[in-house]
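An overview of the molecular structure
Chain by chain, the residues run as shown.
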Amino acid sequence: MTQNQELWRMENEGNLARTWQERLKPQRKAKVRRRLKRPWLGTAVWIFGLWLAGFSAAGLAIQSMTLSYHYDQLNQQYDNMTRQNQTLAAEVASLTSAPQLARDAARLHVTVVHPKPAVFSRWVRTPKRAPSSWLGRVTAWIQGLGRASGQ
């Protein structure tokens, strides 16, 4: 055997011995928190998340359809009331028109008196509201007495 072969054999045998010694030696294990292996947990959470998202979307769709239905009902009621208002306005207009009043007066043998149109001018005095205090009432009475006497 040559020197290289002998050196190789010693290193190789030494390595083999050290390897087996390391394998057979009792090992100290560091305290490591073990993760409980639950491979189904991630899948279950994912499925629950999908279910929850679908349930939320269905709930929002139901809420939207319900509000839309209520809106349509209220809109129909509004349209019906608008039509009723127009019908009533037309009926009132037909009952209070000048020809209708003339026909009713002729049927009842009554003369129709046409009121004078109101003249609104800044020179024409309109009656004022009655004052609420006793001093205002006395003053208004005295002013009325003065107008009545022609002053």
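As shown above, the structure is provided for reference.
Please read all numbers here as calculations on a predicted model, not as lab measurements.

Once that is clear, we can look at the pattern of salt bridges. Using the criterion set out here, one finds 1 salt bridge in the structure. With its nearest N and O atoms 3.5 Å apart, the salt bridge here joins Arg107 to Asp104. Residue Arg107 and its partner Asp104 are both found in helix H3 (residues 98–108); the two are separated by 3 residues, about one turn of the helix. Relative accessible area serves as the criterion here: at 58%, Arg107 is assigned to the exposed category.

The next point concerns a nonpolar patch on the surface. Residues Trp134, Leu135, Val138, Trp141, Ile142 and Leu145 make up a contiguous nonpolar surface patch of about 720 Å² in total accessible area. In this structure, Trp141 sits in helix H4 (residues 134–148).

Below, the discussion takes up unusual backbone geometry. The phi dihedral of His109 falls on the positive side, at around 55°, and the residue is not glycine. With respect to the secondary-structure elements, His109 resides in the loop between H3 and H4. What makes His109 exposed here is its relative accessible area of 73%.

What counts, and at which threshold
Sequence order as written defines residue numbering, which begins from 1 separately in each chain. Owing to the predicted nature of the model, reporting of local features is limited to residues with pLDDT of at least 70; listing and counting of side-chain atom pairs is limited to 80 or more, with chain, interface and lining totals taken over all residues. Note: side-chain values were computed over all heavy atoms of the structure, leaving out hydrogens and water. Every case where a carboxyl oxygen of Asp or Glu lies within 4 Å of a side-chain nitrogen of Lys or Arg is listed as a salt bridge. Every helix listed is a DSSP run of H or I at least four residues long, and every strand listed is a run of E at least two residues long, numbered separately from the N terminus. Remark: exposure states derive from per-residue accessible area (1.4 Å probe, protein chains only) relative to the maximum for the residue type, with buried under 20%, exposed over 50%, and partly exposed in between. Every patch collects residues that have over 30% relative accessible area and no salt bridge, joining them within 9 Å if they carry like charges and within 5 Å if they are nonpolar side chains (Val, Leu, Ile, Met, Phe, Trp, Tyr). Method for areas: the Shrake-Rupley scheme with a 1.4 Å probe, in which residue coverage is limited to the protein chains shown.

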